[in-house]
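# Coordinate inspection notes
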Amino acid sequence: MSTIHFKQATTATSEQYIAGLTDFGPGRAKLFGNSADEQLKVHSESAHHADVTEGSGSVWERLDYDWSDPHRVVARTTDSNAWGGQSGHTYTFTRRPDGTTDIDYVVVREGKNLKGRFLGVVLGTVGKRVLAKAFANSVKAIEARNAAAPAARI
């Protein structure tokens, strides 16, 4: 099992990041490169929960998203062609006095088959850089989305 931890500061508020994270509409891949629009399927969605299948390439997972806590989003893997057990994603948001937000992001990957075990080893070593870049890109994309929003209202 691989547990990978990232931390990054952002100009986005927790509400803005959560709004991007829980936007399951077209264009999600622009915010989250590992979530191809053609593989995205929303099974159910309510005010603070969603049951969504997403992925890219040959790896997909069905996630139970919970954002009922305004400072935390938990996306637990409920099905996947590679991940099982304790797999999932947790985002924790802390507002800083300077107006920025710290995001603590934890990815847990427990392979449920040979493919998953192999990918878990890769992610725990050299793949960590790939995930770090994808996370940084999502933060930048959400910041850009929120910076562009006031101009769009004019």
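Structure shown above.
Here goes a summary of the coordinates provided.

Criteria and thresholds
- Residues numbered from 1 in each chain as written.
- Predicted model: local features only at pLDDT ≥ 70, side-chain atom pairs only at ≥ 80, totals over all residues.
- Heavy atoms only, no water.
- Helix = DSSP H or I, 4+ residues; strand = E, 2+ residues; numbered from the N terminus.
- Rg over C-alpha atoms; globule rule 2.2 N^0.38 Å.
- Buried < 20%, exposed > 50% of the residue type's maximum accessible area, 1.4 Å probe, protein only.
- Contact = heavy atoms within 4.5 Å.
- Pairing = 2+ DSSP bridges.
- Axes fitted to C-alpha atoms, helices over the stretch in contact; angles between N-to-C directions.

### Comments concerning the overall build of the protein chain
Helices and strands together make up the secondary structure of the protein chain, namely four helices and seven strands. Along the protein chain, helices (α) and strands (β) appear in the sequence β-α-α-β-β-β-β-β-β-α-α when read from the amino end. Relative to the 2.2 N^0.38 estimate, which gives 15 Å for 154 residues, the radius of gyration of the protein chain is 15 Å and therefore close to what a compact globule would have. C-alpha atoms of the protein chain, sized along the principal axes, occupy 50 × 30 × 25 Å. Classification of the 154 residues of the protein chain by burial places 41% in the buried group. Of all intrachain contacts in the protein chain linking residues separated by at least 6 positions in sequence, the fraction that spans at least 24 positions is 46%.

### Considering the sheet that holds strand S3 (residues 49–56)
The strand order across the open sheet formed by seven strands is S1-S7-S6-S5-S4-S3-S2, and the pairing between neighbours is antiparallel. Each end of this open sheet is capped by a strand with a single partner; those strands are strand S1 (2–10) and strand S2 (41–45). For this sheet, the mean inter-axis angle between neighbouring strands, taken without regard to orientation, is 20°. Examined bridge by bridge, S2 and S3 share four bridges and lie antiparallel to one another. The partner of Lys41 across the bridge, within S3, is Thr53.

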